[in-house]
Amino acid sequence: MIKKLKNAFISIFIILILSSCGYNTFNYFFPANDVERRIKGFTELQDIEITEPQYDVLVLTDIHFESFVKDFDQKGFFQYLDKNPNFKFCLILGDVVNLGTESEYQQYKKFTDRIQNEYNIPVFTSIGNHDLYHNGWEFWKKYVYPYVTLYRFKTENFSWYCIDTGTGNIGKTQYELLSDYMLKDDNKKVVFTHYPIFNDKFIFEMQDSTEVNLLFSLFAKSKTKLILNGHVHESLSHENQYFTEKSVSSLLHDNAIGIIHVDEEKETISFEELSYE
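Parameters and conventions
Residues numbered from 1 in each chain as written. Predicted model: local features only at pLDDT ≥ 70, side-chain atom pairs only at ≥ 80, totals over all residues. Heavy atoms only, no water. Helix = DSSP H or I, 4+ residues; strand = E, 2+ residues; numbered from the N terminus. Buried < 20%, exposed > 50% of the residue type's maximum accessible area, 1.4 Å probe, protein only. Contact = heavy atoms within 4.5 Å. Core = buried A, V, L, I, M, F, W, Y, C linked by side-chain atoms within 4.5 Å.

Chemist: Describe in detail the side chain of glutamate 205, supporting the description with residues and values.
Modeler: Checked against the element boundaries, glutamate 205 lands in the loop between strand 7 (188-192) and helix 7 (209-221). A relative accessible area of 12% means that glutamate 205 is categorised as buried. Beyond its immediate stretch of four places on either side in the chain, glutamate 205 contacts Tyr195, Pro196, Asn199 and Asp200.

This is the structure in structure tokens:
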């Protein structure tokens, strides 16, 4: 009996270790680049000019192209866009591929090209842990605009920051760059990334408490209003007096999309999640 319990415990432990979106554990077998190697500087993208004072932004996450579990329902997704084509841009929160292979990245590029070319919706992507498997960083730099993982663009009264949490941390270089740019930027801010920072989900959020505390202080001081992430494949929310963090459900598993409602005149922002089925 004791031996059976021991074997069961070991089996459960191994399953947790190998779970697809666990504590970045699959990278023990498929090494990813360290975040310090990915961050070479801060990239400033061209501002997005939007004439309407109120508009919506599309949010997607965890598509996992070539997943072992199921295929992404592209037909249903594009039918939704046919009926709702007026998003001004799209944020995708990482894990766009499953094992970091070039064929997966080619499928992702084809998908984002269609969003941009057929619907005129620019796409901005943050990197996830799956995107780094099999040294997928090399393909990220080839296929995923803007080919870096730390960047910013602006609309009239908001600044939109993509930060790299693809290996579950941010590192010294990225924090220093982020802090410098955010504290000099007087706009209200939206941050989009992959790992939850403040949402408590066992081992599925950022684990370095020092980094988490530093980010809390930075976001509070820099007028950050909304933080978006994926990774956990479910909808979670954290709110405090300074900002709201939303973890978004998976597009692959839940047909989930997020919508950010922006009012540039009132400088307000809100978020909702729905399924396109």
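Chemist: Outline the side chain of asparagine 98, listing residues and values.
Modeler: Relative to the assigned elements, asparagine 98 resides in the loop between strand 3 (90-92) and helix 4 (102-119). Look at asparagine 98 and you get buried, because its relative accessible area is 5%. Non-local contacts of asparagine 98, meaning those with residues more than four positions away in its chain, are made with His64, Phe65, Glu66, Ser67, Phe68, Glu104, His130 and Tyr133.

Chemist: If you had to explain the nonpolar core to someone new, which residues and values would you point to?
Modeler: Leu60, Phe72, Phe77, Leu81, Ile92, Tyr108 and Phe111 are the most contacted members of the largest nonpolar core, which totals 32 residues. Put simply, the parts of the chain that give this core at least two residues each are strand 2 (54-60), helix 3 (74-83), strand 3, helix 4, helix 5 (137-143), helix 8 (251-254) and strand 11 (256-263). In terms of residues, this core owes the most to one element, helix 4, which gives 5 residues. Judged by nonpolar contacts, the second largest core, of 23 residues, contains Tyr55, Val57, Phe89 and Phe158.

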